[in-house]
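# Structural features, examined
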Amino acid sequence: MSERYDVVIIGAGNSGLTTACRASLMGLKCLCIERQNTVGGAAASFVRGRFEFEASLHEIPDFGQGELRGELGRLFDELGIEMEWLEIPDAFRVIVAEGSDRKLDATVPHGRKAFTDYMESVAPGSRESIDLFFDAEAAVASGLEYLGKSRGKPDRELLRTEHAEFMKILSMSAGEFLRTIKMPEKAIDIISAYWPYQGSDMETLDASRYIMMATSYFRGGAYMPKLRSHEIANELEKAARRKGCDFWFNTEVTKILTKDGAVCGVETADGRRVECCAVVCNAFPDTAYTKMLDNKSLIPEYELKKANARSYGFRAFVLYLGLDATPEELGIRDYTIFIYSTPDTVKLFDMGKHYDLYGDEPMDNITFTCLNVVNPDATPPGTSHFALTTGFITDAWDRVPPEDYNRVKRRIAEKMLDRYEEVMGIDIRSHIEEVSIATPVTFARYLGTPQGSVYGYHSSYWDGMSARTLVGGREQTVPGLFFVGAHANRLSGFFPTLSLGDITGRQVMGYVMSGGASGKPSNPQKGGKQS
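Residues numbered from 1 in each chain as written. Predicted model: local features only at pLDDT ≥ 70, side-chain atom pairs only at ≥ 80, totals over all residues. Heavy atoms only, no water.

### Examining helix H2 (residues 71-79)
Put simply, the test is: A simple rule labels every residue: compare its accessible area, found with a 1.4 Å probe on the protein chains alone, to the largest value its type can have, and call it buried under 20%, exposed over 50%, or partly exposed in between. Helix and strand assignments follow DSSP, with helices taken as H or I runs no shorter than four residues and strands as E runs no shorter than two, numbered in order from the N terminus. What the arc measures is the spread of directions leading from the helix axis to the C-beta atoms. Should any heavy atoms of two residues lie within 4.5 Å, those residues are considered in contact.
What H2 keeps buried is the set Leu72, Gly73, Leu75, Phe76 and Leu79. End-on view of H2: buried residues confined to an arc of 160°, all on one side of the axis. Against helix H1 (14-25), strand S6 (85-87), helix H10 (229-242) and helix H18 (494-513) lie the buried residues of H2.

Shown next, in the form of structure tokens:
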């Protein structure tokens, strides 16, 4: 006999967990089904020897106090989630170097005034454009809020009159916007350093998304949970349980069931069936449509065209190192450093697109983090948590035969370490105690994402956050099927996926309360049993 819920959430990643919290809080009976034995997805940690490594999160905004308490911090307050957050001292350090010869070395502070003053000191004449950059955040936020409320049916005249600035920004790439506000070239080089967090070069990335992300970090600071990113997922699970959501772990959903043209439930690998009005899916639409949906004739043609037009985002490669010395002993002072050979993000992006795993070219586009700079207690006394990250733009690893896999991944890791030691002049190799290497293959296996993409679909100004939000209400999938995660409207990152989960929870509530596909209003089933 089938069990019955209002909503089934496939996957207990951050976005699905936030949906579960919001939908449960609003009175829906929710079930979250996760194929792993724990929550979090990419928001995870793992242990090697005496080190617990952070799997993914570098930093997250919005968790300051008072005026610095942003949208996400207020959402956590509303959901009753309390955590200890550690403030990251600087926004970042960016180094552009040819070999060991540094062409640019800038350490950027947090806080609008401190950031603006710093940029004016290193790039004279940039103050006015920096102010315009920050002021654009309000226009973008207002436009996105209106689009969300309009549910895909905005008033064109209202957009033209009340949101004219937002509509102008909507048509621009991030690079085009910075040039439009006449930002000096050196200031652009510095402010563009965050581009790997978005997985697209500045001439492709939509301006609205970059404005929202960068201004949030520069203005309000960045934070890290004391117990790493898995603490976020754990606390979201606890909050969802308190509100009545049920969880099934070690369980894989293999089918999304439909009836009369709409979603009606799911089926798991062990044959269990769950009836529901709506399904919220963390899996990529490609996976849901081709492998899970029981009636593929229901997929709208537009959805198929959209899937074919998109490409997958960054495939991550991370070298995790446990070192037998402290940051102070090693001469490490920075939490985050972006290391590039050129400030030209188009060239950097193209390198990642055409990188030959068997070639001799050096690694570029490396992001370094040392967790102990923010959290001295992150590792045992006298040690350090050190990580180097890069990204591949194409599925380069499909050309590596199984017998070469270990050799190739170690070679890439060695080249990343070579590049860091060359630029920074710091000996890391002689202090390595533990090593773990995660390739796109690792992420594909653990997360179940195509080609190991951790950034959803590749983001561009024609298919970015604002563009997807603009048409969001009109892009109808199978009735009752909702998507969350890095591949959905808000795109990748902790902030976007967490906020999307909240938005989706509200949308699902409206769908269920209106009677779902039938259109006959019905009362949601109150309170799932505690487990």
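From this point, the discussion proceeds with the structure in view.
### Let's talk about the layout of surface pockets
Which entries qualify depends on this criterion: Here a cavity means grid points, on a 1 Å grid over the protein atoms only, where a 1.4 Å probe fits yet cannot get out; a pocket means an open set of points with protein on both sides within 12 Å along at least five of seven lines; lining residues are those with an atom within 4 Å of a point. Grid points are joined across faces, edges and corners, and a volume is the space filled by probe spheres set on the points. Residues were grouped as follows: Ala, Val, Leu, Ile, Met, Phe, Trp, Tyr, Cys and Pro as nonpolar; Asp, Glu, Lys and Arg as charged; and all remaining residues, including Gly, as polar.
Volume-wise, the second largest pocket comes out at about 330 Å³. Ranked by residues supplied to the lining of the second largest pocket, first place goes to helix H16 (residues 440-447) with 5 residues. For the lining of the second largest pocket, the residue count by class is 10 nonpolar, 5 polar and 2 charged.

### Observations regarding the packing of aromatic side chains
Rule in force here: When the centres of two rings from Phe, Tyr and Trp lie within 6.5 Å, Trp using its six-membered ring, the rings pair. Their planes under 30 degrees apart give stacked, over 60 give edge-to-face, and anything left gives tilted. As a reminder, the over-ring test applies to NZ of lysine and CZ of arginine, requiring each to be within 6 Å of the ring centre and within 35 degrees of the ring normal.
The full count for this structure, using the stated rule, is 37 aromatic pairs. Between Phe51 and Phe53 the ring centres are 6.0 Å apart and the planes differ by 20°, which places this aromatic pair in the stacked class. We classify Phe51 as buried; its relative accessible area is 1%. The ring of Tyr5 carries the charged tip of Lys29 above its face, separated from the ring centre by 4.7 Å.

### Thoughts on the pairing of strand S15 (residues 315-323)
Basically, it comes down to this: A pair of strands is treated as paired once DSSP finds two or more bridges between them.
Within S15, 9 of the 9 residues are buried, leaving the element largely enclosed by the surrounding structure. On S15, burial covers both faces: Arg315, Phe317, Leu319, Leu321 and Leu323 on one face and Ala316, Val318, Tyr320 and Gly322 on the other are all buried. Where S15 meets strand S18 (residues 384-392), 9 bridges bridge the pair, whose relative direction is antiparallel. Bridge pairing in S18 places Arg315 opposite Phe392. As paired strands, S15 and strand S19 (residues 432-438) are joined by 6 bridges and run antiparallel to one another. Counterpart to Leu323 in the pairing with S19 is Ile432.

### Some remarks on the sheet that holds S18
Stated precisely, the cut-off is as follows: Here an angle of 0 to 180 degrees is reported between the N-to-C directions of two axes, which are lines fitted to C-alpha atoms, with helices fitted over the stretch in contact.
Strand order in the open sheet formed by 7 strands is S8-S7-S16-S17-S18-S15-S19, and the pairing between neighbours is mixed. Each end of this open sheet is capped by a strand with a single partner; those strands are strand S8 (101-109) and S19. Neighbour-to-neighbour, the strand axes of the sheet open up by a mean angle of 15°, direction not taken into account.

### Some remarks on the sheet that holds strand S12 (residues 262-268)
Taken in spatial order, the 4 strands make up an open sheet running S1-S13-S12-S11, and their pairing is mixed. Looking at the sheet topology across the chains shown, the edges are occupied by strand S1 (3-4) and strand S11 (253-259). Here 2 bridges tie S1 to strand S13 (residues 273-275), and the two strands are oriented parallel to one another. Residue pairing across strands places Glu3 opposite Val274, the latter belonging to S13.

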